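Chain and residue survey
Take a look at the letters that make up each chain.
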Amino acid sequence: MHYSLDCRDDLIIVAVSGRVDESSWEAFGSALSEAIDQARQAKLDRVVIDLAELDYMSSRGLRALTVAKREGEEHGIMISLAAPNEVMREILAISRYDKLFTITDTVESEN
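The paragraphs below set out a description of the structure included in this document.

Rules of the game
- Residues numbered from 1 in each chain as written.
- Predicted model: local features only at pLDDT ≥ 70, side-chain atom pairs only at ≥ 80, totals over all residues.
- Heavy atoms only, no water.
- Axes fitted to C-alpha atoms, helices over the stretch in contact; angles between N-to-C directions.
- Helix = DSSP H or I, 4+ residues; strand = E, 2+ residues; numbered from the N terminus.
- Parallel < 35°, antiparallel > 145°, perpendicular 65-115°, else oblique.
- Left-handed = near helix turned anticlockwise from the far one by under 90°.
- Contact = heavy atoms within 4.5 Å.
- Nonpolar A, V, L, I, M, F, W, Y, C, P; charged D, E, K, R; others polar.
- Salt bridge = Lys/Arg side-chain N within 4 Å of Asp/Glu carboxyl O.
- Buried < 20%, exposed > 50% of the residue type's maximum accessible area, 1.4 Å probe, protein only.

Moving on to the packing of helix 1 (residues 25-41) against helix 2 (residues 59-74). At a minimum axis separation of 9 Å, helix 1 and helix 2 run at an interaxial angle of 20°. Considered as vectors, helix 1 and helix 2 are oriented roughly parallel to each other. Judged by the twist between their axes, the crossing of helix 1 over helix 2 is right-handed. On helix 2, the residues touching W25, F28, G29, L32, S33, I36 and D37 of helix 1 are R60, G61, A64, L65, A68, E71 and G72. Along the lines of polarity and charge, the residues of the contact of helix 1 with helix 2 split into 7 nonpolar, 4 polar and 3 charged.

Scanning the model with the defined rule gives 7 salt bridges in all. D10 serves as the salt-bridge partner of R46, at 2.9 Å between the closest nitrogen and oxygen. Of this pair, R46 sits in strand 3 (residues 46-57) while D10 is found in the loop between strand 1 (2-7) and strand 2 (12-20), placing the two residues 36 residues apart along the sequence. Judged by its relative accessible area of 14%, R46 is buried. Judged by its relative accessible area of 36%, D10 falls in the partly exposed class.

Written out as structure tokens, the structure is:
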């Protein structure tokens, strides 16, 4: 799993690639916390997780999303998901995370 953070006009984008699984979920959770911290320091109220290059996410990765959502809400920051591929859409639907998060087809849809 690799990630990058990008601060745009009014949001932070976390672009994630590869797999979030048993070996990488902690780094994924740390990346999300880092993004929330950056948003808070910049007085932004949105973090978008770009899933376009993400191949797979295990239940531990889903848990990291849940923790990030709670952490964001504590600071008035909305966490949303963008550009999931078909595999990720299925994972999000089966886990019902498509009901917990706003999901858009592109990162640009968030602007």
